[in-house]
Amino acid sequence: SVAALEIKNPLSIETTLRDWAVLALPLRTLVVEDVSGSMAAKSGDSTRIALTVDASLGANDLFSDQTQMGLWAFSIGLGGGKQDYRELVPLGPVSNTFDGKPQRQAILDAVRGLPALVGGGTGLYDTTLAAFRRVKEGYDPDYVNSVIILTDGANEDNGSISLDQLLAALQKEQDPVRPIVIITVGVTSDADPVALQQISAATGGTSYVAEDPRDIPDVFVKALNSRTERLAGE
């Protein structure tokens, strides 16, 4: 005879299996990085933008070859006229070729070039909605579809939509069957943690704040791993 094993905690097994299922999905994400003037602020013997660049480059190893990724930079008017964002590398498989080089390398090169773009104010709200819509346009059910926003400031674009308008648009346009998760990373206490938390919460995402710029790499890794918190519970 064989003794039947007793499952002492069925809920924990179910939760673990859901987490594993989500982590097994590749990531499709648009990384949106703040290049407003305040990102040039000193932090020890470095700057906020330099530390953010280091964190972004270091996180490269976390992305598998199945990842789809794009990169935007944002500050007021950076994209020309009233557009606060500039597409540096379009969202697509890292195995693709862009501008004559592998997509992954193109993203790394663009990240290294972020310090040269620093200047102007923080155009957060318009950029966030545009990024959400861009990821939604090409939604892929075989991926975790997300936006990752790194910023050190509050919205300073007086001509942009308000926070309430942004939250209303995100809630209205979010499709529970085809969810887009917004993950926000505040760089230092100069960021607007309340607004960032509300933006992430509107899509079921998670918000983080790196109080010390030197913590940006660790916080960025936590943000990348947070996809289980939103999707595994569904």
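Our structure is the block above this text.
Residues numbered from 1 in each chain as written. Predicted model: local features only at pLDDT ≥ 70, side-chain atom pairs only at ≥ 80, totals over all residues. Heavy atoms only, no water.

1. Here we look at the overall build of the protein chain
Logical step 1: Per the secondary structure count, the protein chain includes eight helices and 10 strands.
Logical step 2: Sequence separation of 24 or more characterises 73% of the internal contacts of the protein chain that already satisfy a separation of 6 or more.
Logical step 3: For the protein chain, the accessible surface area stands at approximately 11200 Å², while carbon and sulfur atoms represent 51% of it. (Helix = DSSP H or I, 4+ residues; strand = E, 2+ residues; numbered from the N terminus. Contact = heavy atoms within 4.5 Å. Areas by Shrake-Rupley, 256 points an atom, 1.4 Å probe, with all protein chains shown as cover.)

2. Considering the nonpolar core
Logical step 1: Formed by 35 residues in total, the largest nonpolar core has its most connected members in L71, L88, V89 and L114.
Logical step 2: With residues near it in sequence (within four places) discarded, V89 still touches G70, L71, F98, Q103, A106, I107 and A110.
Logical step 3: Grouped together as the second largest cluster of nonpolar side chains are 27 residues, Y139, V147, L163 and L196 included. (Core = buried A, V, L, I, M, F, W, Y, C linked by side-chain atoms within 4.5 Å. Buried < 20%, exposed > 50% of the residue type's maximum accessible area, 1.4 Å probe, protein only.)

3. Structural notes on the sheet that holds strand β8 (residues 144–151)
Logical step 1: Pairing is mixed in the open sheet, where six strands are placed in the order β5-β4-β1-β8-β9-β10. Since the sheet does not close on itself, it has two edges, and those belong to β5 (85–93) and β10 (207–210), each with one partner. If you compare each strand with its neighbour and ignore which way they point, the axes differ by 15° on average.
Logical step 2: Where β8 meets strand β9 (residues 181–187), six bridges bridge the pair, whose relative direction is parallel. Paired with L150 across the bridge in β9 is V185.
Logical step 3: Lying on the sheet, helix α4 (residues 124–137) is in contact with β1 (27–34), β4 (68–74), β5, β8 and β9; it crosses β8 at an angle near 160°. (Pairing = 2+ DSSP bridges. Axes fitted to C-alpha atoms, helices over the stretch in contact; angles between N-to-C directions.)

4. Some remarks on the side chain of S146
Logical step 1: The residue S146 is located in strand β8 in this model.
Logical step 2: A distance of 2.9 Å separates polar atoms of two side chains, one belonging to S146 and the other to T29.
Logical step 3: With residues up to four places along the chain from it excluded, the contact list for S146 reads L27, R28, T29, L30, V135, I180 and V181. (Polar contact = N/O pair within 3.5 Å; in protein donor to acceptor, adjacent residues only side chain to side chain.)

5. Digging into the pattern of salt bridges
Logical step 1: All told, the structure shown has eight salt bridges when counted by the stated rule.
Logical step 2: Residues R48 and D152 are paired through a salt bridge, measuring 2.7 Å at the closest nitrogen-oxygen approach. Highlighted residues: R48 in helix α2 (residues 48–58) and D152 in the loop between β8 and α5 (163–173), separated in sequence by 104 residues. Take R48 and D152: they sit in the same class, and that class is buried.
Logical step 3: D190 is paired through a salt bridge with R48; the nearest N and O atoms lie 2.6 Å apart. Of this pair, D190 sits in the loop between β9 and α6 (193–202) while R48 sits in helix α2, placing them 142 residues apart in sequence.
Logical step 4: Accessibility expressed as a relative area gives 46% for D190, which makes it partly exposed.
Logical step 5: Judged by its relative accessible area of 10%, R48 is buried.
Logical step 6: A single salt-bridge network, built from bridges that share partners, covers R48, D152 and D190. (Salt bridge = Lys/Arg side-chain N within 4 Å of Asp/Glu carboxyl O.)

6. Quick look at unusual backbone geometry
The phi torsion of most residues other than glycine is negative, and most of the peptide bonds are trans.
Logical step 1: Despite not being glycine, D99 shows a phi value in the positive range, around 55°.
Logical step 2: Along the polypeptide, D99 turns up in the loop between β6 (97–98) and β7 (101–102).
Logical step 3: Among the residues examined, D99 registers a relative accessible area of 64% and is labelled exposed.
Logical step 4: You will see that T188, though not glycine, has its phi angle at about 70°, which is positive.
Logical step 5: Note on T188: relative accessible area 5%, which makes it buried.

7. Remarks on the pairing of β10
Logical step 1: Only one face of β10 is buried, namely the one carrying Y208 and A210, since none of S207 and V209 on the opposite face is buried.
Logical step 2: Taken together, β9, α6 and β10 form a β-α-β motif whose crossover is right-handed. (Right-handed = clockwise from strand over helix to strand, strands pointing away.)

8. Things to note about α5
Logical step 1: All of the buried residues in α5 are L163, L166, L167, A169, L170 and E173. Taken around the axis of α5, the buried residues stretch over an arc of 160°, which confines them to a single face. In this structure, α5 carries D164, Q171 and K172 as exposed residues pointing more than 90 degrees from its buried face.
Logical step 2: Looking at the buried residues of α5, the elements they touch are α4, β9 and α6. (Arc of directions from axis to C-beta.)

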